[in-house]
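Close look at the chain arrangement
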Amino acid sequence: MAAGEPRAAPVAGKEEDFEIIDKKQLPDAAELRNEEKAKPEEARWSAPILSLARKASENLALGYGSALKSASLVGLVSKPGSSDSPAKTSTRCHTMEERANLMNMMKLSIKILIQSALSLGRTLDSDFPPLQQFFVVLEHCLKHGLKVKKSFIGQNKSFFGPLELVEKLCPEASDIATSVKNLPELKTAVGRGRAWLYLALMQKKLADYLKVLLDHKHLLSEFYEPDALMMEEEGAVIVGLLVGLNVIDANLCLKGEDLDSQVGVIDFSLYLKETQDSDGKQDGGITAVLDQKHYVEELNRHLSCTVADLQNKIDCLEKTNSKLQEELAAATDRIGSLQEEQQQLKQQNELIRERSEKSVEVTKEDTKVELDTYKQSRQGLDEMYSDVWKQLKEEKKIRLELEKELELQIGMKTEMEIAMKLLEKDTHEKQDTLVALRQQLEEVKAINLQMFHKSQNAECSLQEKTEAISSFEGKTNEMMSSMKQMEKRLQEAEKARQAAEERCNKMKQELAGKLNSCRQQMAQLDSKCSTLEKELKSEKEQRQTLQKELHQEKDATTLLKTELQQMEGLKKELRKLQDEKQQLKKVREEQEQALQEMGLHLSQSKLKMEDIKEVNKALKGHTWLKDDEATHCKQCKKEFSISRRKHHCRNCGDIFCNTCSSNELALPSYPKPVRVCDNCHTLLLQQCSSNSS
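Rules used in this analysis
- As a convention, each chain's residues are numbered from 1 in the sequence order in which they are written.
- Only residues with pLDDT of at least 70 get local features here, since the model is predicted, and only at 80 or more are side-chain atom pairs given and counted; chain-wide, interface and lining totals rely on the full set of residues.
- The side-chain quantities take in all heavy atoms of the structure and omit both hydrogens and water.
- Starting at the N terminus, helices and strands are each numbered in turn, a helix being any DSSP run of H or I of at least four residues and a strand any DSSP run of E of at least two.
- Accessible area is worked out with a 1.4 Å probe on protein chains only. A residue is then buried under 20% of its type maximum, exposed over 50%, and partly exposed in between.
- Computed with the Shrake-Rupley method and a 1.4 Å probe, the accessible areas treat only the protein chains shown as cover for residues.
- When DSSP locates at least two bridges between a pair of strands, those strands are taken to pair.
- The directions considered for the arc run from the helix axis to the C-beta atoms.
- By the convention used here, residues are in contact when the closest approach between their heavy atoms is within 4.5 Å.
- In this description, a disulfide is simply a cysteine sulfur pair whose atoms lie within 2.5 Å.
- Within 6.5 Å between ring centres, the rings of Phe, Tyr and Trp (the latter by its six-membered ring) count as paired, and their orientation is classed by plane angle as stacked under 30 degrees, edge-to-face over 60, tilted in between.
- To qualify as a nonpolar core, a set must consist of buried Ala, Val, Leu, Ile, Met, Phe, Trp, Tyr and Cys residues joined through side-chain atoms within 4.5 Å.
- The predictor reports its confidence for every residue as pLDDT, a score running from 0 up to 100.
- Exposure above 30% relative accessible area and no salt bridge define the residues that can form patches, which grow by joining like charges within 9 Å and nonpolar side chains of Val, Leu, Ile, Met, Phe, Trp and Tyr within 5 Å.
- For this analysis, a salt bridge means a side-chain nitrogen from Lys or Arg found within 4 Å of a carboxyl oxygen belonging to Asp or Glu.
- Charged residues are defined here as Lys and Arg on the positive side and Asp and Glu on the negative side; His and the ends of the chain fall outside this count.
- Where a charge sits is defined by one atom per residue type, namely NZ (Lys), CZ (Arg), CG (Asp) or CD (Glu).

Quick look at the overall build of the chain
Helix and strand counts for the chain stand at 16 helices and 6 strands. The burial tally for the chain puts 29% of its 693 residues in the buried class. Carbon and sulfur atoms form 53% of the exposed surface of the chain, whose accessible area is close to 47,200 Å².

Quick notes on the pairing of strand β5 (residues 663-666)
Two elements, β5 and strand β6 (residues 673-676), share 4 bridges in a ladder whose sense is antiparallel. By the bridge assignment, E664 is partnered in β6 with R675. Here β5 folds back onto β6 in antiparallel fashion, the turn holding 6 residues.

What about the environment of G161?
With respect to the helices and strands, G161 occurs in helix α5 (residues 160-169). Distance from G161 to G193, taken between C-alpha atoms, is 8.3 Å for residues 32 residues apart in sequence.

Points about helix α10 (residues 233-242)
Listing the buried residues of α10 in full gives E234, G235, I238, V239 and L242. Taken around the axis of α10, the buried residues stretch over an arc of 145°, which confines them to a single face. Those residues of α10 that are buried lie in contact with α3 (86-120), α4 (129-143) and α8 (206-215).

Concerning the side chain of T427
Position of T427 relative to the elements: it lies in helix α14 (residues 406-510). Residue T427 is classed as buried on the basis of its relative accessible area of 17%. Not counting residues within four places of it along the chain, the set of residues in contact with T427 comprises L602 and S605.

A short note on the state of the cysteines
What the rule picks out here adds up to 0 disulfides. You can see C677 has no disulfide; the closest cysteine sulfur is in C680, sitting 3.3 Å from it. Residue class for C677 comes out buried when judged on its relative accessible area of 1%.

Points about the packing of aromatic side chains
What describes a pair of aromatic rings is the distance from one ring centre to the other and the angle between the planes of the rings. According to the stated counting rule, one finds 3 aromatic pairs in the structure shown. Centroid distance W196 to Y209: 5.8 Å. Interplanar angle 50°. Geometry classified as tilted. Of this pair, W196 sits in helix α7 (residues 189-203) while Y209 sits in helix α8, and the two are 13 residues apart along the sequence. No difference in accessibility class separates W196 from Y209, as the two residues are buried. Connected via pairs of aromatic rings, a cluster forms that spans F134, F135 and Y198.

Quick notes on the nonpolar core
Judged by nonpolar contacts, the single largest core of 60 residues is most densely connected at L131, F134, W196, L197, L206, Y224 and L242. Here L197 is in contact with F135, L138, L142, F159, L163 and L206, once residues within four sequence places are set aside. By size, the runner-up hydrophobic cluster in this structure holds 16 residues, among which are C652, F656, C657 and V674.

What to know about the confidence of the model for the chain
Taken residue by residue, the chain gives an average pLDDT of 76. The fraction at 70 or more is 80%. Overall, residues 35-50 carries pLDDT values under 50, and its contacts beyond four positions in sequence, including any with other chains, amount to 13 contacts.

Topic: a negative patch on the surface
A cluster of acidic residues, E350, E354, E357, E361 and E365, forms a negative patch at the surface. Along the polypeptide, E357 turns up in helix α12 (residues 283-394). What makes E357 partly exposed here is its relative accessible area of 44%.

Digging into the pattern of salt bridges
Scanning all chains against the criterion turns up 10 salt bridges. Across the pair K143 and E139 runs a salt bridge, and its minimum N-O distance is 3.1 Å. Residue K143 and its partner E139 are both found in helix α4; the two are separated by 4 residues, about one turn of the helix. E139 is the salt-bridge partner of R194, the closest N and O atoms lying 3.0 Å from each other.

Right under this line is the structure:
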């Protein structure tokens, strides 16, 4: 079996990158048998190759006959008397021949692949020639009848588009799609499609995925023509043949460069057997070699076309690369400017840090002063404490009686300590807020200085622009005066010309007889007229130049007007800035008031702390009496009952009746006024009066 030359009449508008085998150039089974008998035994093919060639020729003949029958039934082949044009019938027959040839080539490639894989007895790799040829034939089958999609780069014709639909239709294929997309070396759609086919074959699900595609032909119609192989019955036959490949184990290497640059050309040397060189009686073998030579030349022509297309694509890529380099240079410039801005920001941060350090030093000095004042107040408190200690020595007898109440008062003491800690925390927080407010005041002062400098700069620029406007106005006035003088000169020249013309007419009437003298005078008058015309032309040119200068000065005045408008906008901005400055002053005053209030609150909290400490020292030793321990009121000695209930004094902790503990006072350990016995009420009132005095 020899490969035929390509058909002379290709389909208009479709350029397939595979060869077409014509039925007329294929030998029949009978011719092969006759040639086999005619040759000697030494020159005969080996038995397996001969049987393969026989089967291939029979399959081609049967496939072509069945295709013609189905086409005649459907109406693709023109019957005698039909209205179809011969061009349409030729294109239909051409596509039918292509489908039949591709299907037969697919049968041969699958059969040889399975036989060679079983005889090899191991897993196949990507360098196995029958496997490579199978992928080439499958690629041609998938490319048959593909629609050309136009893009901004050019025409795109890739079989990877239909294969992407499998991911949507079959979720099992999502792993293949993600692995193909994650391959960084793949740059073309053809390479991605080949990688997808490799992975599907390794998963042994190539037939299943293609069957899913054929079940949804309404989606395939977007990518294929109606008479494509995948849209006809031959596609289903090829999918059925691919089921047999599940017997093969393959371990393929996915190299991006090989998959992108590989040219899909069917090699018929695997399916053809070269004849042995014998005594010179090999005419059939020579014809086969010549056919193969013609086929190789045609393949070279196709390859040269593809190389030219690739060269054009490379040129486009070089242009885009140059554009990207220009963008990269611009980006580097931008990065340099950003780095300069970053350095400026670093300098500003250093200035802010220095200011904050200065403010921290100021706050430290303030805290030292406050500590000194606190020590002085502590000395006064120590003196008061000595006086209280003398009073306590006098009241030792009372303290001995109140030793039992110490246990309860210890709990109260812990609560007081907790309250003291909370107050100390509040003081620390208020000091932090004071520091923050001082920092904000310094920032506001810096902003005010900046605004003041900006306003001064704006005023200076306003003065310069008003001076420029005044100078331009003086120039325009001078130009207008010069224009008026030139117009006066023009009018005088025109009057002189008119007078000269009148004189010329009078002289012609009076001196008609004196031709010689008239001719001389006329010559003089002509010379004067020429000079006057020249002067007029020069004056017109000067006028045009003056008009141009006027236009330029008008443009300059318009520019100055726009600048004046901009200056008005700057004045408005100045006013806004002044308003903002006043607002900032108000904020500063409010913050100063808040600082003063915080200082008052701090002083009040310190006084409260001191009062709490004094009360805590004065009231040490009180214990909380339990309800079970008291049966009688401590003051009136009356027995408790249902009508006379027990009440605790929140100051001393003893139990009293309602009449003896009806008073209420505000204690340091309680936020609201609480119940106090009569004795404690009188004692606390005395202490308050002594403290106030």
